[in-house]
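# Descriptive analysis of the structure
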There are 2 protein chains.
Amino acid sequence: MTSTPPDLTFPQGFQAAAMAAGIKPSGRTDLSLVTSSHDCVWAFAGTRSTTAAACVTRNRALAGTGAPVRALLVNAGNANAATGEGGARDNAGMADAAGSVLNVPAEAVLTASTGIIGHRLPMDRVLSGVEHLPDELGHAAAPFAQAIMTTDTHPKTAHATLSTGARLVGTAKGSGMIHPDMATMFAFVFTDAQVGQAALRAAFPGVVARTFNAVTVDGDTSTNDMAAVLANGLAGPVDEAEFLSALEGVMRDLARQIAADGEGATKLLTVKVRGARSEAEALTAARTCCVSPLLKSAVHGNDPNWGRVIMAVGRSGAAVHIEAMTVAVQGQPVFAGQPLAYDAAQVSESMKAQEVVFDVNLGVGDATGEAWGCDLSAEYVSINADYTT
Amino acid sequence: MTSTPPDLTFPQGFQAAAMAAGIKPSGRTDLSLVTSSHDCVWAFAGTRSTTAAACVTRNRALAGTGAPVRALLVNAGNANAATGEGGARDNAGMADAAGSVLNVPAEAVLTASTGIIGHRLPMDRVLSGVEHLPDELGHAAAPFAQAIMTTDTHPKTAHATLSTGARLVGTAKGSGMIHPDMATMFAFVFTDAQVGQAALRAAFPGVVARTFNAVTVDGDTSTNDMAAVLANGLAGPVDEAEFLSALEGVMRDLARQIAADGEGATKLLTVKVRGARSEAEALTAARTCCVSPLLKSAVHGNDPNWGRVIMAVGRSGAAVHIEAMTVAVQGQPVFAGQPLAYDAAQVSESMKAQEVVFDVNLGVGDATGEAWGCDLSAEYVSINADYTT
């Protein structure tokens, strides 16, 4: 995992601005804009929630047209979800305002909102902020990565440079410690690589499945989750395989950062599954382990309680041949069709690390998958037990 | 919910015995037997886990034969799951021993094990216990209800008497506070009503879906969950509708007791969903709310954070028409297509009750469903963070 270098800049043609528009009570930056000097091909993935927020619904509709985009407007501190038709109008109003001030069609502006559910946006503040943002545009990535945060404890960025010099810069937000309704994941990747939209969109769902959809903090899917990649082509043609590999690397890095910074988390939980019937089943088994409160609690307490892996894999529904199944904790084999003898105190000691890794072989096929989560701490409960009142 | 009357007896023909065989380190009763003087028709539901324990696999196979049963042998303190072929032999050995001492076929003996996963049973203690149990048979229900517990804080029973005098006595176990691997649910209902096996088995899955499968403590499905009803017919014919209604009432009562006694729980969480497209979707939406760590944490903190209901319903996948959707907390409407004004402090005060009820209308159909869970407390984490080491 990489931290955010203070001097990280966006790829050619991209600029960003951020400001404190007064949406967050804390007074932190909460409204931000990314623009591209040229049209971007793009790919989008939004939450599967049936109560998706207006920004997700609108972006998904825009993706359906295939038209290029030029800008992304993000607010933090308010999810604009479950806000009815008025909320949908507010969302459209954000895009209209940004399109107008940037002199591009409203349909070329993507929107993203994150924060508490069920409150209308303070549109006067949002709209006056949008008027102001273009004056602040610059090349630095950090202000944008900072302004999209809600309860994250630090900004999350990842980047890669291809052999042609084309660059990818990704930013993401997860969930943190102050506003517990904001278990909202955003990931945006910007690149000056010249890639085809069709190829990008064909590859994107698989990349999302192996990266952001393999992350879990608490199993609670937000109404506002979204991931998008925008490519403006200014760096010219690139090898498609090299590009997609770099894209997956950037998104994987961001995904792990989100898991490690989960609410109340003290360590990263990684579950690597092999021997599955399909990649989808491998990912389901791995993610079910990462979401299990019992396994997460055991990881918190450095308890090599591998029976909870057996349980979680079993409830995931993935096909398993238990006689051929194996489990290892921090590299120590603990189960191979039957319980193995091991030094529990030694393994417990090895779990006092920044990352705890379980390796699981389902014994039924060749497919693999990996998922990331975090431990469950009493801090998670106290963060989330008392917020709106 | 009913508590266990100390003088509760089993229906005619049923007797039970319990003893401390030395499986639990605590020295509490851990081996128990229920017998019927006559053949029982029966219905069974076992965990859907793909890593189901030997007892579940064996009972399911027996159910497939349609043959009657005469006894149920239960051990607590050890799940006999993920124990390989040796574990399966141990399970068969339990039934063989009980059949032999009771002079009934081994195939007429159901088995159930609950406790830690991944450890072989101490078969010498189990087998000598089985030799001893028939000497202890009596009519009281409490010793059996006590002996099947693991980390439950109290025994769970429920009972009903039909107009003909036929009785139903149900017992269940959930999960409690000492052995966190034992998130295992058992429910056994015994009746002297004379009912047809075909009708019983036709109705049982629906009853289980609306009762035990609507309970969640932490979303972690055990390898050993099972529910069974045994009817020996000694009280003669009954009205089928009356019987099934009583059966559902007993199982619902037990289900709510399991939820209220979840690990670390301080209160019962009830989510009632109506306006769903189907009963299955209503139950899924309700249960997803009850398993949400964010909603459970809010309930723990008396926080009327209804946005988390919107989130949980959305991630459940149930069809919803958000413009027609409504949410109420403890009877107070808080959302009706858009946020409603309400006195948050007053609602928070009303949540300081033994039971917190959310009423949700999905606005798309006529189906209803109800699910039960509990709040998430820091105690849950401490219970489960440090066990095997």
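These numbers were taken from a predicted model, which means no experiment stands behind them. (Residues numbered from 1 in each chain as written. Chains lettered and ligands numbered in written order. Predicted model: local features only at pLDDT ≥ 70, side-chain atom pairs only at ≥ 80, totals over all residues. Heavy atoms only, no water.)

Turning our eyes to something else, we now look at the overall build of chain A. Of regular secondary structure, chain A possesses 11 helices and 13 strands. Relative to the compact-globule value of 21 Å for 389 residues, chain A shows a C-alpha radius of gyration of 21 Å, a close match. If one aligns the C-alpha atoms of chain A with their principal axes, the spans along those axes are about 70 × 55 × 35 Å. A buried classification covers 60% of the 389 residues belonging to chain A. For chain A, the accessible area works out to roughly 12,900 Å², and carbon and sulfur atoms hold 51% of it. Counting 25 positive and 37 negative side-chain charges, chain A places the centres of these two groups 3 Å from one another. (Helix = DSSP H or I, 4+ residues; strand = E, 2+ residues; numbered from the N terminus. Rg over C-alpha atoms; globule rule 2.2 N^0.38 Å. Buried < 20%, exposed > 50% of the residue type's maximum accessible area, 1.4 Å probe, protein only. Areas by Shrake-Rupley, 256 points an atom, 1.4 Å probe, with all protein chains shown as cover. Lys, Arg positive; Asp, Glu negative; His and termini not counted. Charge placed at Lys NZ, Arg CZ, Asp CG, Glu CD.)

All names here are of chain B. Applying the stated criterion across every chain yields a total of 18 salt bridges over all chains. Here Glu 279 makes a salt bridge to Arg 210, at a shortest N to O gap of 3.5 Å. Taken together, the residues span a long stretch of sequence, with Glu 279 in helix H7 (residues 279–291) and Arg 210 in helix H5 (residues 197–210) at a distance of 69 residues. We classify Glu 279 as partly exposed; its relative accessible area is 34%. Look at Arg 210 and you get partly exposed, because its relative accessible area is 30%. (Salt bridge = Lys/Arg side-chain N within 4 Å of Asp/Glu carboxyl O.)

The positions UniProt marks with the feature "binding site: substrate" (unreviewed entry) are Thr 150, Lys 173, Thr 184, Glu 263, Asn 384 and Thr 389 of chain A. Within the secondary structure, Glu 263 of chain A sits in the loop between helix H6 (240–260) and strand S9 (268–276). (UniProt positions renumbered as here; feature names shortened; annotations may be inferred.)

In this section: the packing of helix H1 (residues 54–65) of chain B against helix H2 (residues 84–102) of chain B. Two measures define how a pair of helices packs: the angle their axes make with one another and the distance between the axes. All names here are of chain B. Close contact between H1 and H2 brings their axes to 9 Å; oriented N to C, the two are set at 55°. Taken as axis vectors, H1 and H2 run oblique relative to one another. When you trace H1 past H2, the crossing you get is right-handed. Each of Ala 54, Cys 55 and Arg 58 in H1 lies in contact with H2, whose residues at this interface are Gly 87, Ala 88, Asn 91 and Ala 95. Across the contact of H1 with H2, the residue classes break down as 4 nonpolar, 2 polar and 1 charged. (Axes fitted to C-alpha atoms, helices over the stretch in contact; angles between N-to-C directions. Parallel < 35°, antiparallel > 145°, perpendicular 65-115°, else oblique. Left-handed = near helix turned anticlockwise from the far one by under 90°. Contact = heavy atoms within 4.5 Å. Nonpolar A, V, L, I, M, F, W, Y, C, P; charged D, E, K, R; others polar.)

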